[in-house]
Amino acid sequence: MRTLPMYLGIIVVIAVLLSACGTGLGTAPVVKVGWNGEPDTLNPGMAVLSESFSIFSLIYDTLYELNLDGTYRLSLAESVDVSEDGRVWTFKIRDAVEFSDGKPVTAEDVAFSFNLYLHSEDFIFLPGYTAYFESVQASSGNQVVVTLTEAIPNMESQLFALYILPKHIWEDVENLTALDIPLNQSVGSGPFRLAEYVPGQYIRLESRRGHFSYFPKISGVEFRIYPDVSSMIQALANKEIDVITELPVDGVSALDGLSGIQVVAGPPVAPNVSDIILNQVDPQLCPLESGGLCTGHPALRDRNVRLAMAHALDKQALIDGVMLGLADPGLTLIPKGLGSFYNSSIKDYEYNVEKANQILDEAGYRDASGDGIREMPDGSRDLTFRMEWPDDMIYARDEAELLKLMWGQIGIHVIMQAVDADQLTARCCPAFDYDILLWEWGSDPDPSFLLSVMLTDEISSGYNETGYSNPEYDALFARQATELDGEKRRGIIWQMQNIVHDDVAYIIPFYQKSVQAYRTDTFRGWLTNSGNLDLSAPSSLGIIEPIKQ
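The structure displayed is predicted, hence computed values, not measured ones.

## Re the packing of helix 7 (residues 303-311) against helix 9 (residues 353-362)
Right, on to step 1. Where helix 7 contacts helix 9, the two axes come as close as 8 Å, and the packing angle between them is 170 degrees. Comparing their axes, helix 9 and helix 7 come out roughly antiparallel. Mapping the contact onto sequence places Asn 304, Val 305, Leu 307, Ala 308 and His 311 in helix 7 and Val 353, Lys 355, Ala 356, Ile 359 and Leu 360 in helix 9.
Right, on to step 2. Of the residues contributing to the contact of helix 7 with helix 9, the split by class is seven nonpolar, two polar and one charged.

Written out as structure tokens, the structure reads:
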């Protein structure tokens, strides 16, 4: 899942959807969650922001569920049978499961949903999870048969992201890519149902009775949207909300010592990668047909320059100064949170300003004018780079100021600027109208998606934001995608990480930890020590119970 800090629009849907199932929870309290953002859309096929996917995980079911320890378990499917060649997967769908409008969930709904994602090319992320689907059919006995073009090693991670939609609603939708969808289109079979959405104010979900996996002891969840972090923190202190699930690190100190509040940190369910994107697209690969401008500084196409910048970057200083220590040093786009897929054997570039200066000296980048800024070897221009970031990326300015000082020590000057998130996205991908960007990626539990953003073929799509291209890397990606032997696949993925690290495709300063906070005097049972941390997931909201006052 890509969690870029961009805002695709506001959903204007205000209504109350009456369910045939009801809640049956009487006067049980509602859990109030503080958010500093909101969904970009409630259309699963068009969503980009993490807030959207948080809502989807509560109102929709999938065939597999991701556990907090990174493993999978069957969810809407009660059993699975796999053919000897690994190409045919037959799932038995649970009987007597209902959507929130009272209609039964059947194999027909599952097959319809998968085929919708498979054939809707304009959907953003979900079609990617069906890349190896040859056909999907419902069969007798409430079964779904998924036939693959070839066996793949990560079927569970592909299916846990594919939400099951009601065929009786979505088959009549005329504009499948609409961002602004009516509330009665957001019907799922999950443990909660969408009840009301007032943009800019709150999203209210109601608990559902009789879910096969979760039995909420609360009457619902209300996500309250705050204009700034300080307002959200004050609301937690005043008991106006019960939990903050995305607490910026600069808000931790404000909660220090407050009675009844617990701050917790841990690896996020979707590991977050903070990356420094260097525009290195080859002019011959500039995607002119996709609006490519390719105005990046030519020095960034030189590995020597990127390598010197990596050596001049003090990651620990960034972690301490920007993230208050709540992060791990970064290596490649595959984060530490992906367990054995993370190549822990890579030796990072040491922080060594003297070595960085030596690399640039030997590559012919001199400061002939004596103004402290180096020039290109041919003297055509100096090493002044534009460094930009989305204006809603909270910690980016502090990071940029430290980077400016660090790179200033090796004769590289940067001009800093926060840019409207939508504008910057348009200029980035695939226009390549930038020099350096400070950005973020959110990761799936499987590394395949993040690996794909460094493919040559993705330059024109905009997912490859650096313009990096390496035929050896491309070939290895194709190999890992169908390698069924787990150890061999991990070996290929480690080799790919070695290649992009050696090429300095990205500079990864750190992997953020998830920081969340909750009141200890309103609800109990939050899962904080079960692996990855996500207090807004069904794993917590489906089990917590109120504390009697």
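Here the narrative resumes, following the displayed structure.
## Details of the state of the cysteines
Right, on to step 1. Counted by the stated rule, this structure contains two disulfides.
Right, on to step 2. The residue that forms a disulfide with Cys 428 is Cys 429, at a sulfur-sulfur distance of 2.0 Å. Between Cys 428 and Cys 429 the disulfide shows an S-S torsion of about 60 degrees. By sign, it is right-handed. Residue Cys 428 shares its accessibility class with Cys 429, and that shared class is buried.
Right, on to step 3. Disulfide partners in the protein chain, listed by the sequence order of the bonded cysteines, are 1-2, 3-4.

## So, the side chain of Asp 446
Right, on to step 1. For Asp 446, the position within the fold is in the loop between strand 17 (436-442) and helix 12 (448-452).
Right, on to step 2. Within polar-contact distance, the side chain of Asp 446 engages the side chain of Arg 489 at 3.0 Å.
Right, on to step 3. Those residues within four positions of Asp 446 in sequence are excluded, and the remaining contacts are Asn 154, Ser 157, Leu 338, Phe 341 and Arg 489.

## Some words on the layout of surface pockets
Right, on to step 1. Quantified by volume, the second largest pocket comes out at close to 580 Å³.
Right, on to step 2. For the lining of the second largest pocket, the residue count by class is 13 nonpolar, seven polar and six charged.

## Description of the environment of Gly 45
Right, on to step 1. Inspection of the secondary structure assignment puts Gly 45 in the loop between strand 1 (30-35) and helix 1 (50-59).
Right, on to step 2. Exposure remark for Gly 45: the relative accessible area of 2% places this residue in the buried category.
Right, on to step 3. Once residues lying within four places of it in the same chain are set aside, the contact partners of Gly 45 are Phe 123, Ile 124, Phe 125 and Leu 126.

## What about the pairing of strand 16 (residues 413-419)?
Right, on to step 1. Judged from the seven bridges that link them, strand 15 (residues 384-390) and strand 16 form a sheet pairing that is parallel. Paired with Thr 384 across the strands is His 413, a residue of strand 16.
Right, on to step 2. As for the winding sense of the linkage, the β-α-β connection from strand 15 through helix 10 (residues 396-408) to strand 16 is right-handed.

## Here's the deal with the pairing of strand 8 (residues 192-198)
Right, on to step 1. Summarising burial for strand 8: seven of the seven residues are buried, a large majority.
Right, on to step 2. Hairpin connection from strand 8 to strand 9 (residues 202-207): three residues lie between these consecutive antiparallel strands, with Gly 200 at a positive phi of about 80 degrees.

## Notes on unusual backbone geometry
Leaving glycine out, the prevailing phi sign among residues is negative, and the prevailing peptide bond configuration is trans.
Right, on to step 1. Going from Cys 429 to Pro 430, the amide bond is cis rather than trans, its omega being 5 degrees.
Right, on to step 2. Summarising the element assignment, Pro 430 is placed in the loop between helix 11 (421-428) and strand 17.
Right, on to step 3. Notably, Lys 239 is not glycine yet its phi reads approximately 65 degrees, a positive angle.
Right, on to step 4. As for its position among the elements, Lys 239 is in the loop between helix 5 (229-237) and strand 11 (243-244).
Right, on to step 5. Classification of Lys 239 as partly exposed rests on a relative accessible area of 41%.
Right, on to step 6. Within the chain, Cys 294 stands out as a residue other than glycine whose phi angle is a positive 55 degrees.
Right, on to step 7. Counting through the fold element by element, Cys 294 comes out in the loop between strand 13 (272-278) and helix 7.

## Observations regarding the packing of helix 13 (residues 471-482) against helix 14 (residues 486-502)
Right, on to step 1. It is at 9 Å that the axes of helix 13 and helix 14 come closest, and there the two elements cross at 160 degrees. By the angle between their directions, the pair helix 13 and helix 14 is classed as roughly antiparallel. Judged by the sense of rotation from one axis to the other, the crossing of helix 13 with helix 14 is left-handed. From helix 13, Glu 472, Tyr 473, Leu 476, Phe 477, Arg 479 and Gln 480 reach across to helix 14, where they touch Arg 489, Ile 492, Ile 493, Gln 495, Met 496, Ile 499 and Val 500.
Right, on to step 2. Its residues placed into classes, the contact of helix 13 with helix 14 shows eight nonpolar, two polar and three charged.

## Brief notes about the sheet that holds strand 13
Right, on to step 1. Taken in spatial order, the six strands of this open sheet run 14-18-13-17-15-16, and their pairing is mixed. The open sheet terminates on both sides in strands that have one partner only, identified here as strand 14 (327-329) and strand 16. The sheet shows a mean angle of 30 degrees between the axes of neighbouring strands, direction not considered.
Right, on to step 2. Note that strand 13 and strand 17 share seven bridges and pair antiparallel. Bridge assignment links Val 273 to a residue of strand 17, and that residue is Trp 441.
Right, on to step 3. Those strands touched by helix 8 (residues 315-322) are strand 14 and strand 18 (506-512), and its axis lies near 40 degrees from that of strand 18.

## With respect to the sheet that holds strand 12 (residues 261-266)
Right, on to step 1. If you trace the seven strands from one edge of the open sheet to the other, you get 8-9-10-1-11-19-12, paired in mixed fashion. If you trace the sheet from one side to the other, it starts and ends with strand 8 and strand 12, each paired once.
Right, on to step 2. Bridging between strand 1 and strand 10 (residues 220-225) involves six bridges; their strand directions are parallel. Bridging across to strand 10, Gly 34 finds its partner in Arg 224.

## Points about the confidence of the model for the protein chain
Right, on to step 1. The share of residues in the protein chain with pLDDT of 70 or more is 95%, and the mean pLDDT across the chain is 91.
Right, on to step 2. Here residues 1-24 is a poorly scored stretch, pLDDT under 50, and it has 100 contacts once near neighbours within four places are set aside; other chains count.

## Things to note about the packing of aromatic side chains
Right, on to step 1. Under the definition given, this model contains 18 aromatic pairs.
Right, on to step 2. With centroids separated by 5.8 Å and ring planes inclined at 65 degrees, the aromatic side chains of Trp 441 and Phe 449 adopt a geometry described as edge-to-face.

Analysis parameters
Residues numbered from 1 in each chain as written. Predicted model: local features only at pLDDT ≥ 70, side-chain atom pairs only at ≥ 80, totals over all residues. Heavy atoms only, no water. Axes fitted to C-alpha atoms, helices over the stretch in contact; angles between N-to-C directions. Helix = DSSP H or I, 4+ residues; strand = E, 2+ residues; numbered from the N terminus. Parallel < 35°, antiparallel > 145°, perpendicular 65-115°, else oblique. Contact = heavy atoms within 4.5 Å. Nonpolar A, V, L, I, M, F, W, Y, C, P; charged D, E, K, R; others polar. Disulfide = S-S within 2.5 Å. Buried < 20%, exposed > 50% of the residue type's maximum accessible area, 1.4 Å probe, protein only. Polar contact = N/O pair within 3.5 Å; in protein donor to acceptor, adjacent residues only side chain to side chain. 1 Å grid on protein atoms, 1.4 Å probe; cavity = no way out; pocket = protein on both sides within 12 Å on 5 of 7 lines; lining within 4 Å. Points joined across faces, edges and corners; volume = space filled by probe spheres on them. Pairing = 2+ DSSP bridges. Right-handed = clockwise from strand over helix to strand, strands pointing away. Left-handed = near helix turned anticlockwise from the far one by under 90°. pLDDT = per-residue confidence, 0-100. Phe/Tyr/Trp six-rings, centres within 6.5 Å; stacked < 30°, edge-to-face > 60°.

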